[in-house]
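Close look at the chain arrangement
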Amino acid sequence: MTHPVSNAIERRPDRAALFIGVALAVLGALVLLDAQSVRGGAYARIGPATFPTVIGAFLVVLAVWTMVSAWRGRFPEREPNDAAPVIWIVAGLALQLLLLHPAGFSIATGLLFALTARAFGKRKLWISLPAGILFSLGIWLLFTQVLRLALPAGPLEQLFI
């Protein structure tokens, strides 16, 4: 007995997408559970728990949809991952966290800007670092002087206080 040859490529379930679907389901369930504990607005149809409930339900529907598509193997093949850009961005975030209070907002965020630009292919750090610091200083001035919000001040920001 011969079996007909199928031209369709049989794809296996996408485990990464299944994991994402499960994570979305857990997140949706947590949002729905938390929405049930919100009190108030008993006299109105739309109260403070309405939007968290809608968002939680949407996450659960999205999770089911993702898991069904993953099980059927309907996700397109992903490109190979390149870890180098992710490492540059994570290094920039780590440096910003470490230097935010000692160096101030402008320098720490300027470093994050420069390393993120490097992750996206901009290799001239001697250009992107000063540009990032100047952009960050402008943001710091806007937030502290115009909006009256507090951001960490370092030696550069001390020139403007």
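Everything below is about the structure shown above.
Residues numbered from 1 in each chain as written. Predicted model: local features only at pLDDT ≥ 70, side-chain atom pairs only at ≥ 80, totals over all residues. Heavy atoms only, no water.

1. Some details on the packing of helix 1 (residues 15-36) against helix 2 (residues 50-72)
- For the pair helix 1 and helix 2, interaxial distance at closest approach is 8 Å and the crossing angle is 160 degrees. Between helix 1 and helix 2, the angle is such that the two are roughly antiparallel. The element helix 1 and its partner helix 2 pack so that their crossing is left-handed. (Axes fitted to C-alpha atoms, helices over the stretch in contact; angles between N-to-C directions. Helix = DSSP H or I, 4+ residues; strand = E, 2+ residues; numbered from the N terminus. Parallel < 35°, antiparallel > 145°, perpendicular 65-115°, else oblique. Left-handed = near helix turned anticlockwise from the far one by under 90°.)

2. Observations regarding the packing of aromatic side chains
- Counted according to the given criterion, the structure contains one aromatic pair.
- Ring centres of F113 and F135 lie 5.6 Å apart, and the angle between their planes is 75 degrees; this geometry places the pair in the edge-to-face category. Of this pair, F113 sits in helix 4 (residues 105-119) while F135 sits in helix 5 (residues 125-146); the two residues are 22 residues apart in sequence, bridging distant segments of the chain. (Phe/Tyr/Trp six-rings, centres within 6.5 Å; stacked < 30°, edge-to-face > 60°.)

3. Describing the nonpolar core
- By size, the foremost hydrophobic cluster in this structure holds five residues: L100, F105, A108, L137 and W140.
- Put simply, the parts of the chain that give this core at least two residues each are helix 4 and helix 5.
- Beyond its immediate chain neighbours, meaning those up to four positions away, A108 contacts Q96, L99 and L100. (Core = buried A, V, L, I, M, F, W, Y, C linked by side-chain atoms within 4.5 Å. Buried < 20%, exposed > 50% of the residue type's maximum accessible area, 1.4 Å probe, protein only. Contact = heavy atoms within 4.5 Å.)

4. A look at the side chain of T109
- Following the sequence through the fold, T109 ends up in helix 4.
- Look at T109 and you get buried, because its relative accessible area is 15%.
- Among the polar contacts listed, one links the side chain of T109 to the side chain of Q96, at a separation of 3.0 Å.
- Excluding residues within four positions of it along the chain, T109 makes contact with Q96 and S136. (Polar contact = N/O pair within 3.5 Å; in protein donor to acceptor, adjacent residues only side chain to side chain.)

5. Some details on a nonpolar patch on the surface
- Side chains of I139, L142, F143, V146, L147 and L149 sit close together on the surface and give an oily, nonpolar patch of about 510 Å² of accessible area.
- With respect to the helices, strands and loops of the structure, I139 is situated in helix 5.
- A residue is classified by how much of its surface remains accessible, and I139, at 39% relative accessible area, is partly exposed. (Patch = residues over 30% accessible without salt bridge, like charges linked within 9 Å, V, L, I, M, F, W, Y side chains within 5 Å. Areas by Shrake-Rupley, 256 points an atom, 1.4 Å probe, with all protein chains shown as cover. Salt bridge = Lys/Arg side-chain N within 4 Å of Asp/Glu carboxyl O.)

6. With respect to helix 4
- With 15 residues, helix 4 extends 21 Å from end C-alpha to end C-alpha; this agrees with the ideal 21 Å at 1.5 Å per step.
- By the criterion of burial, helix 4 is predominantly enclosed, with eleven of the 15 residues buried.
- Among the residues of helix 4, F105, S106, A108, T109, G110, L112, A114, L115, A117, R118 and A119 are the ones counted as buried.
- Check the buried side of helix 4 and you find it contacts helix 3 (83-103), helix 5 and helix 6 (155-158). (Expected span 1.5 Å × (residues − 1).)

7. Some remarks on the environment of G92
- Within the fold, G92 resides in helix 3.
- Here the alpha-carbon distance between G92 and L27, two residues 65 residues apart in the chain, equals 28 Å.

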